[in-house]
Amino acid sequence: ARLGDVAGFVRGITFKPVDVVPVGTAGSVACMRTKNVQALLDLEDVWGIPESLIRREEQFLQQGDILVSSANSWNLVGKCCWVPSLPWRSTFGGFVSVLRAQSGKLNSRYLYHWFNSVRIQSTLRSFGQQTTNISNLNIDRCLNQLVPLPTLVEQQRIADVLDRAGALRAKRSAALRDLDALSQAVFLDMFGDPGTNPKGWAKAKVGDLSQQIRGVTYVKKDASLEPEPGYVPILRAGNITSDGISEDDLVFVPRECVAANQLLRRHDVLIATSSGSLDVVGKAARIEE
């Protein structure tokens, strides 16, 4: 079915900086922003705004909504998260939108997994309408995408399977984080705290021991989201994860755009030096293969 026939987008509300109040203030509602759209809805930094700014009931968040970053940097536009049961009556700002399934036609959790899949996310980004430094989600083209539409019972079964797979991935990531913490503890036991240097190791500037190579710059129109002859994949800030390097969501550019020293080698350290998210800047991972 065409997405627009079984679901719809609700645009966020606009407000001024002077309207922002602490969440929980009397007469206010919580307001979600692009910052809150992470793998899971991030409730660490939520603003409050006067409830009087909300004109339509549909602009209140509902459990099972899909919160979508609709105006963001090119690599983040279309990013989405599931809206669980919330501790406050909530709405959402102008840089995000809500994708909401029509009851009786589409299972919300099934819709979330479809919309959040690698192929659909790449397609949505390719629809982005670029301004100076912001890409805007093309709502009309999104609504024209075709959604596989098995029965509601089958949709629920598929969603349950994918939820279980996601839970296993989360447990694996948690185990890897524990192993990383263990390796840090072993390091401190063997070498001491690098900040205080209790063992008196010699020190040197990083720049004297290594070479910084800046990443490839390319024109968006020259890039491809699919492998093509004569093209090479580009790793970007979003490919640096807590588990190392992710090969999801690659961009491919013509080989002639890449200098010889910009081809990655085993044991290079990839560092995110620029990103639309402050949480990403500085993240690093070593190239193993």
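Residues numbered from 1 in each chain as written. Predicted model: local features only at pLDDT ≥ 70, side-chain atom pairs only at ≥ 80, totals over all residues. Heavy atoms only, no water.

Peer 1: Help me get a handle on the layout of surface pockets, residues and values and all.
Peer 2: Taken as a whole, the second largest pocket holds about 1,900 Å³ of empty space. Forming the boundary of the second largest pocket are 49 residues, of which G215, L235, R236, L270 and I271 lie nearest the centre. Of all the elements in the fold, those that place two or more residues in the lining of the second largest pocket are β12 (231–234), β14 (244–245), β16 (269–271) and β17 (284–286). Grouping the amino acids of the lining of the second largest pocket by side-chain chemistry returns 22 nonpolar, 18 polar and nine charged. (1 Å grid on protein atoms, 1.4 Å probe; cavity = no way out; pocket = protein on both sides within 12 Å on 5 of 7 lines; lining within 4 Å. Points joined across faces, edges and corners; volume = space filled by probe spheres on them. Helix = DSSP H or I, 4+ residues; strand = E, 2+ residues; numbered from the N terminus. Nonpolar A, V, L, I, M, F, W, Y, C, P; charged D, E, K, R; others polar.)

Peer 1: Give a detailed account of helix α5 (residues 152–191), specifying residues and quantitative values.
Peer 2: Since the α-helix turns once every 3.6 residues, residues separated by three or four places project in the same direction. Relative to the 58 Å expected for 40 residues at 1.5 Å per residue, α5 spans 58 Å between its end C-alpha atoms, a close match to the ideal helical length. Q155, A159 and S173 are the residues of α5 that are buried. Looking at the buried side of α5, the elements it contacts are α2 (108–115). (Expected span 1.5 Å × (residues − 1). Buried < 20%, exposed > 50% of the residue type's maximum accessible area, 1.4 Å probe, protein only. Contact = heavy atoms within 4.5 Å.)

Peer 1: Describe in detail the environment of I134, supporting the description with residues and values.
Peer 2: Mapped onto the secondary structure, I134 falls in the loop between β10 (129–130) and β11 (135–136). We classify I134 as partly exposed; its relative accessible area is 31%. Between the alpha carbons of I134 and S52 there is a distance of 29 Å; along the sequence they are 82 residues apart. Excluding residues within four positions of it along the chain, I134 makes contact with A71, N72, S73 and Q129.

Peer 1: Outline the nonpolar core, listing residues and values.
Peer 2: Core analysis: the biggest nonpolar cluster contains 24 residues, and F9, L99 and L111 have the highest contact counts within it. Broken down by element, this core gets its largest block of residues, five residues, from α2. Beyond its immediate stretch of four places on either side in the chain, L111 contacts L3, A7, I66, L99, A101 and L106. Grouped together as the second largest cluster of nonpolar side chains are 14 residues, A30, L41, L67 and V98 included. (Core = buried A, V, L, I, M, F, W, Y, C linked by side-chain atoms within 4.5 Å.)

Peer 1: How would you explain the packing of aromatic side chains if you had to name every residue and give the values?
Peer 2: Taken as a whole, this structure holds six aromatic pairs when the rule is applied. Ring geometry for F15 and W47: centres 6.4 Å apart, planes at 80°, overall edge-to-face. Highlighted residues: F15 in the loop between β1 (7–11) and β2 (21–22) and W47 in strand β4 (residues 47–50), separated in sequence by 32 residues. Among the residues examined, F15 registers a relative accessible area of 23% and is labelled partly exposed. W47 gets classed as partly exposed once you look at its relative accessible area, which sits at 31%. Seen from their ring centres, W82 and Y112 are 6.2 Å apart, and the 65° between their planes marks the pair as edge-to-face. Here W82 is found in strand β7 (residues 80–82), whereas its partner Y112 is found in helix α2, with 30 residues between them in sequence. Overall, W82 belongs to the partly exposed group, its relative accessible area being 22%. Judged by its relative accessible area of 8%, Y112 falls in the buried class. A connected cluster of aromatic rings, assembled from ring pairs, spans F9, W114 and F115. Positioned above the aromatic ring of F60 is the side chain of R89, whose terminal nitrogen or guanidinium carbon lies 3.6 Å from the ring centre. (Phe/Tyr/Trp six-rings, centres within 6.5 Å; stacked < 30°, edge-to-face > 60°. Lys NZ or Arg CZ within 6 Å of the ring centre and 35° of its normal.)

Peer 1: Please give an account of the packing of α2 against α5 that cites residues and values.
Peer 2: Between α2 and α5, whose axes approach to 8 Å, the crossing angle comes to 60°. In this view, α2 runs oblique relative to α5, as classed from their interaxial angle. When you trace α2 past α5, the crossing you get is left-handed. Contact residues: α2 offers R109, Y110 and H113, while α5 offers Q155, I158, A159, L162 and D163. (Axes fitted to C-alpha atoms, helices over the stretch in contact; angles between N-to-C directions. Parallel < 35°, antiparallel > 145°, perpendicular 65-115°, else oblique. Left-handed = near helix turned anticlockwise from the far one by under 90°.)

Peer 1: Please provide a residue-by-residue account of the pattern of salt bridges, values included.
Peer 2: Summed over all chains, the structure comprises 13 salt bridges. The residue D5 makes a salt bridge to R2 at a minimum N-O spacing of 3.2 Å. Overall, D5 belongs to the partly exposed group, its relative accessible area being 44%. Classification of R2 by relative accessible area gives partly exposed; the value is 30%. A salt bridge links R100 to D65, with the nearest nitrogen and oxygen atoms 2.8 Å apart. (Salt bridge = Lys/Arg side-chain N within 4 Å of Asp/Glu carboxyl O.)

Peer 1: Describe the sheet that holds β7, listing the residues and the values that go with them.
Peer 2: Reading across the sheet, the four strands line up as β1-β9-β5-β7 and stay open at both edges, with antiparallel pairing between neighbours. Each of the sheet's edge strands pairs with one partner strand only, and the pair in question is β1 and β7. Along the sheet, successive strands turn relative to each other by an average axial angle of 25°, direction set aside. Across four bridges, strand β5 (residues 66–69) lies against strand β9 (residues 96–101) in antiparallel orientation. Following the sheet pairing, I66 is matched in β9 by L99. (Pairing = 2+ DSSP bridges.)

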